[in-house]
Amino acid sequence: MSATSNSETPLRTTFNIRLNGKTVPIATVGQAYQFLTTLSSVEWMEYRSLHNEAVDLLERAAANAMLTVQATNAVRALFVSAKLL
């Protein structure tokens, strides 16, 4: 696993996503990164630019916790566009 997917740096908020009838909390950079990279790229195709931006910012936030606000905002924008929130 990459350093990003193991990152325990907290996001600025916890996202509670309903997935297959269960609520999945996403509270850390690593959890968000795993969620966004585990799903097929075809599933994110409609939101490709937002997805790429969120993944990039999560990778950067894993290395520099000062970027968690930007990463959280990018993840939020993606989830809102994809109607996951």
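Calculation criteria
- Residues numbered from 1 in each chain as written.
- Predicted model: local features only at pLDDT ≥ 70, side-chain atom pairs only at ≥ 80, totals over all residues.
- Heavy atoms only, no water.
- Helix = DSSP H or I, 4+ residues; strand = E, 2+ residues; numbered from the N terminus.
- Expected span 1.5 Å × (residues − 1).
- Buried < 20%, exposed > 50% of the residue type's maximum accessible area, 1.4 Å probe, protein only.
- Arc of directions from axis to C-beta.
- Contact = heavy atoms within 4.5 Å.
- Pairing = 2+ DSSP bridges.
- Axes fitted to C-alpha atoms, helices over the stretch in contact; angles between N-to-C directions.
- Left-handed = near helix turned anticlockwise from the far one by under 90°.
- Nonpolar A, V, L, I, M, F, W, Y, C, P; charged D, E, K, R; others polar.
- Phe/Tyr/Trp six-rings, centres within 6.5 Å; stacked < 30°, edge-to-face > 60°.

1. So, helix 3 (residues 68-81)
Then comes step 1: A rise of 1.5 Å per residue sets the reference length of helix 3, with its 14 residues, at 20 Å; its end C-alpha atoms lie 20 Å apart and thus fit the reference within 8%.
Then comes step 2: Within helix 3 the residues assigned to the buried category are T68, A71, T72, A74, V75, L78 and F79. In a view along the axis of helix 3, the buried residues occupy a sector of 165°, so they form one face of it.
Then comes step 3: The inward-facing, buried residues of helix 3 abut strand 1 (10-19), strand 2 (22-28), helix 1 (29-38) and helix 2 (48-63).
Then comes step 4: In the segment just after helix 3, K83 is the residue with positive phi, at about 60°.

2. Structural notes on the side chain of S7
Then comes step 1: Structurally, S7 is set in the segment before strand 1.
Then comes step 2: By relative accessible area, which is 9% here, S7 ends up buried.
Then comes step 3: If we ignore the near neighbours within four places in the chain, the residues touching S7 are T28, V29, G30 and A62.

3. Observations concerning unusual backbone geometry
Then comes step 1: Its identity as a non-glycine residue notwithstanding, N20 has a phi of 55°, on the positive side.
Then comes step 2: Relative to the elements of secondary structure, N20 occurs in the loop between strand 1 and strand 2.
Then comes step 3: You will see that K83, though not glycine, has its phi angle at about 60°, which is positive.
Then comes step 4: Within the element layout of this structure, K83 appears in the segment after helix 3.
Then comes step 5: The class of K83 is exposed, set by a relative accessible area of 72%.

4. Some points on the pairing of strand 1
Then comes step 1: Two strands pair when backbone bridges link them, and strand 1 and strand 2 are joined in this way by six bridges, in the antiparallel orientation. For L19, the partnering residue across the bridge sits in strand 2 and is K22.
Then comes step 2: Linking two consecutive strands that pair antiparallel, namely strand 1 and strand 2, is a turn of two residues; a positive phi of about 55° is found at N20 within it.

5. Some remarks on the packing of helix 1 against helix 2
Then comes step 1: Where helix 1 contacts helix 2, the two axes come as close as 10 Å, and the packing angle between them is 150°. Two packed elements cross with a definite hand, and for helix 1 against helix 2 that hand is left-handed. Here V29, A32, Y33, L36 and T37 of helix 1 lie close against helix 2, whose contacting residues are H51, A54, V55, L58, E59, A61 and A62.
Then comes step 2: Here the residues of the contact of helix 1 with helix 2 are counted per class, giving nine nonpolar, two polar and one charged.

6. Describing the packing of aromatic side chains
Then comes step 1: Applying the stated criterion across every chain yields a total of three aromatic pairs.
Then comes step 2: On the numbers, 5.4 Å between centres and 90° between planes, the contact of F15 with F79 is edge-to-face. With a gap of 64 residues between them, F15 in strand 1 and F79 in helix 3 connect regions that are remote in the sequence.
Then comes step 3: For F79, a relative accessible area of 0% gives the class buried.
Then comes step 4: Centre to centre, the rings of F35 and W44 are 6.4 Å apart; their planes meet at 70°, and the pair counts as edge-to-face.
Then comes step 5: Take W44: its relative accessible area is 5%, and that puts it in the buried class.
Then comes step 6: Put simply, the rings of F15, F35, W44 and F79 touch in pairs and so form one group of aromatic residues.

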